[in-house]
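Listed below are the residues making up each chain.
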Amino acid sequence: MMELLSLEIENFRSFHRAQSVDFGWSPSRKIAALYGANASGKSNVIKALKAAFACISQSAIASWRLPYEPFALNVKSAEKPTRFKIDFRGKTRFSYEFSFLRDRIVSEALQEFPQGSKKPKTIFKRDASGSLNSTAAKHKFGKRLLGKTRPDTLLVTKAREDNNEFANIIFDLLRSVTIVDDSDMGPAPWNPGYMEMLKRDRVLRGKTVDLLNKCDFAIRGIEVKSVPLPKTFFDPMPIEFPAALKQEILSQGATEINTIHAVRDDEGSVVDMSAFDFMSMESMGTKKFFEVAVPIIDAIDNEKTILIDGFSTYIHPNLAGTIIRLFGEQPSEGRGAKLVLITHNTAMMSELSRDEIILVEKTLSEESRVVPLAKAGARKDDHFEKKYRAGHYGGVPLIME
């Protein structure tokens, strides 16, 4: 697995001037928590990473449109490109960056930092005129590939079609990062992909139940199974579906999720088990915990980086602290999983070190600015929550009396 180190964002949504978010360069640092006032731009960090990953994975698709959303509050921003830079490492460290306007890629470059070398090696570099650096062809990013690449498509995306080794490394990064945000938190209990993982992986179900028990949810088991849809399923719908599509949907059926709870007698002894329908009988807090439990376990098992927006919105601070400790107490050997949180839960600050807290705040010109807590004047032995809420570090709403 690849390890995500940092993301630099420029001219995207609330980010005007370039800002870098450090997810943890130190091997011992497994957690980064982003705090800030509402509308400060915290969620735009995740939106930027998702936009960058979408460009990498999808820009060769015929219907592709670049996610160009320049900073809206500067008269010249709409003339300038959006730029993303991602630093990551596997066996060696890499830096990949690209910039784009609404209809074309402006620049793109990949650098490798070989172990023991002070100087980075440029794998390829593409500029606004379409020119490539002299070593690009050596790594199979030459003019032939460029000639097959649309102006709005990244070279790494096109090179992936040819099984290019460096393109494969970047795509490995995408598989090493899990993002849980509002798009995963709709009417379903969680992303359908996580549901499918639970359905087919008995070990994962067991680990999820173990985590739930550790966090005092009193759930003894999870059942995930396919159930048939009624033939009247399409009757209330306002549009008519083709017969073939109806048949395919009906044949696939639906997924039913039950949680298993203990039934006790008057003396408190367990005498039976009862299945609860997950959607109708479990609390909102339980559902929200499920949304993060499966991807968290998957991240820890596979040494991924997981980013969670709105972490602990419905979760008790003590449970949030338990999740933080799962990452912080990983064995020292190996790379380990990393947790990146976007949260307003200041009680969790007691579980974090100064280097694990990042503030996102807005300037008077409404630009998002990223400030590590250490650079905001915090001392290692500060009471972070007390001083943060009092406004000593910034990153809090300014409330007018």
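None of the values given here were measured: they were computed from a predicted structure. (Residues numbered from 1 in each chain as written. Predicted model: local features only at pLDDT ≥ 70, side-chain atom pairs only at ≥ 80, totals over all residues. Heavy atoms only, no water.)

A.B. asks: Could you give an account of the packing of helix 9 (residues 284–302) against helix 10 (residues 317–328), with specific residues and numbers?
C.D. replies: The contact between helix 9 and helix 10 brings their axes to 11 Å, and the two run at 10 degrees. In terms of orientation, helix 9 and helix 10 fall into the roughly parallel class. On helix 10, the residues that touch Phe289, Ile296 and Ile300 of helix 9 are Leu319, Ile323, Leu326 and Phe327. Residues belonging to the contact of helix 9 with helix 10 are distributed by class as follows: seven nonpolar, no polar and no charged. (Axes fitted to C-alpha atoms, helices over the stretch in contact; angles between N-to-C directions. Helix = DSSP H or I, 4+ residues; strand = E, 2+ residues; numbered from the N terminus. Parallel < 35°, antiparallel > 145°, perpendicular 65-115°, else oblique. Contact = heavy atoms within 4.5 Å. Nonpolar A, V, L, I, M, F, W, Y, C, P; charged D, E, K, R; others polar.)

A.B. asks: Tell me about the sheet that holds strand 13 (residues 338–342), and name the residues and values.
C.D. replies: Taken in spatial order, the six strands of this open sheet run 8-12-13-3-14-15, and their pairing is mixed. Looking along the sheet, the strands with just one partner apiece sit at the ends: strand 8 (177–180) and strand 15 (368–372). Sheet twist, expressed as the average angle between the axes of neighbouring strands with direction ignored, equals 15 degrees. Pairing of strand 8 with strand 12 (residues 305–309) involves four bridges; the strand directions are parallel. Residue pairing for strand 12: Thr178 is matched across the bridge by Ile306. Docked against the sheet, helix 9 engages strand 8 and strand 12, running at close to 165 degrees with respect to strand 12. The strands touched by helix 10 within the sheet are strand 3 (31–35), strand 12 and strand 13, with strand 13 carrying the most contacts at an inclination of about 150 degrees. (Pairing = 2+ DSSP bridges.)

A.B. asks: How would you sum up the nonpolar core? Please name residues and give values.
C.D. replies: Of all hydrophobic cores here, the largest spans 58 residues; its most connected members are Ile56, Tyr96 and Phe141. Of the residues forming this core, the biggest block, nine residues, is contributed by helix 1 (residues 42–58). Leave out the neighbours within four places in its chain, and Ile56 touches Ile86, Tyr96, Phe98, Leu154, Val156, Thr157, Ile170, Phe171 and Leu174. Counting 51 residues, the second largest nonpolar core, distinct from the first, contains Met197, Val224, Ile306 and Ile357. (Core = buried A, V, L, I, M, F, W, Y, C linked by side-chain atoms within 4.5 Å. Buried < 20%, exposed > 50% of the residue type's maximum accessible area, 1.4 Å probe, protein only.)

A.B. asks: I'd like a rundown of empty space enclosed by the protein, residues and numbers included.
C.D. replies: Any space left empty among the atoms is revealed by the rolling of a water-sized probe across them. Evaluated as defined, the whole model comprises one cavity of 30 Å³ or more. In this structure, the largest cavity encloses a volume near 30 Å³. Taken together, Phe23, Leu34, Val45, Ile46, Leu307, Ile308, Val340, Leu341 and Ile342 make up the lining of the largest cavity. For the lining of the largest cavity, the elements supplying multiple residues, two or more each, are helix 1, strand 12 and strand 13. For the lining of the largest cavity, the element with the most residues is strand 13, which contributes three residues. (1 Å grid on protein atoms, 1.4 Å probe; cavity = no way out; pocket = protein on both sides within 12 Å on 5 of 7 lines; lining within 4 Å. Points joined across faces, edges and corners; volume = space filled by probe spheres on them.)

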